[in-house]
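Architecture at a glance
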Amino acid sequence: MMLSCAPVIAGVTVYGQLTLGVVWVSLQLCLFLTSTWWYEYRSTRLRDDVDEDTAASLPSAGTTGAPSSRQPGW
């Protein structure tokens, strides 16, 4: 936020031709990609757990006519 308000700060040289603005943008991109990967990983893992629970609670082929017993859950 601070760098977007003050372009002079973004132009500060950090190392050679590398400026503070380029470093900041690179860090934001890394944070975005890491958080996206983490979200996808967690949501896929949680979905796999739900799919396993759903498959376990489905009636087998031999008990198709029997009423299904509901498992307590959220």
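Basis of the calculations
Residues numbered from 1 in each chain as written. Predicted model: local features only at pLDDT ≥ 70, side-chain atom pairs only at ≥ 80, totals over all residues. Heavy atoms only, no water. Helix = DSSP H or I, 4+ residues; strand = E, 2+ residues; numbered from the N terminus. Buried < 20%, exposed > 50% of the residue type's maximum accessible area, 1.4 Å probe, protein only. Areas by Shrake-Rupley, 256 points an atom, 1.4 Å probe, with all protein chains shown as cover. Phe/Tyr/Trp six-rings, centres within 6.5 Å; stacked < 30°, edge-to-face > 60°. pLDDT = per-residue confidence, 0-100. Patch = residues over 30% accessible without salt bridge, like charges linked within 9 Å, V, L, I, M, F, W, Y side chains within 5 Å. Salt bridge = Lys/Arg side-chain N within 4 Å of Asp/Glu carboxyl O. Contact = heavy atoms within 4.5 Å.

1. Some remarks on the overall build of the protein chain
- Looking only at helices and strands, the protein chain features three helices and two strands.
- Walking the protein chain from its N terminus toward its C terminus, one meets helices and strands in the order α-α-β-β-α.
- The buried share among the 74 residues of the protein chain stands at 4%.
- If you sum the accessible surface of the protein chain, you get close to 6800 Å²; carbon and sulfur atoms cover 66% of it.

2. Details of the packing of aromatic side chains
- Per the counting criterion, the structure on display carries one aromatic pair.
- Measuring from centroid to centroid gives 5.6 Å for Trp-37 and Tyr-41, while their planes differ by 10 degrees, and the two rings are stacked. Taken together, the positions of Trp-37 and Tyr-41, both in helix α3 (residues 20-57) and four residues apart, correspond to about one turn of that helix.

3. A short note on the confidence of the model for the protein chain
- When pLDDT is averaged along the protein chain, the result is 74; 54% of the residues meet or exceed 70.
- Confidence, expressed as mean pLDDT per element, reaches its minimum in the protein chain at helix α1 (residues 2-5) with 59 and its maximum at strand β2 (residues 18-19) with 86.

4. Focus on a nonpolar patch on the surface
- Residues Ile-9, Val-12, Val-14, Tyr-15, Leu-18, Leu-20 and Val-22 make up a contiguous nonpolar surface patch of roughly 600 Å² in combined accessible area.
- Breaking the nonpolar patch down by element, the ones donating at least two residues are β1 (13-15) and α3.

5. Focus: the environment of Thr-19
- Mapped onto the secondary structure, Thr-19 falls in strand β2.
- Separated by 10 residues in the primary sequence, Thr-19 and Ile-9 have C-alpha atoms spaced 9.0 Å apart.
- Thr-19 has contacts with Ala-10, Gly-11, Val-12, Thr-13 and Val-14, leaving out every residue within four places of it along the chain.

6. Re the environment of Val-8
- Position of Val-8 relative to the elements: it lies in helix α2 (residues 7-10).
- Sequence-wise, Val-8 and Gly-21 are 13 residues apart; in three dimensions their C-alpha atoms are separated by 9.5 Å.

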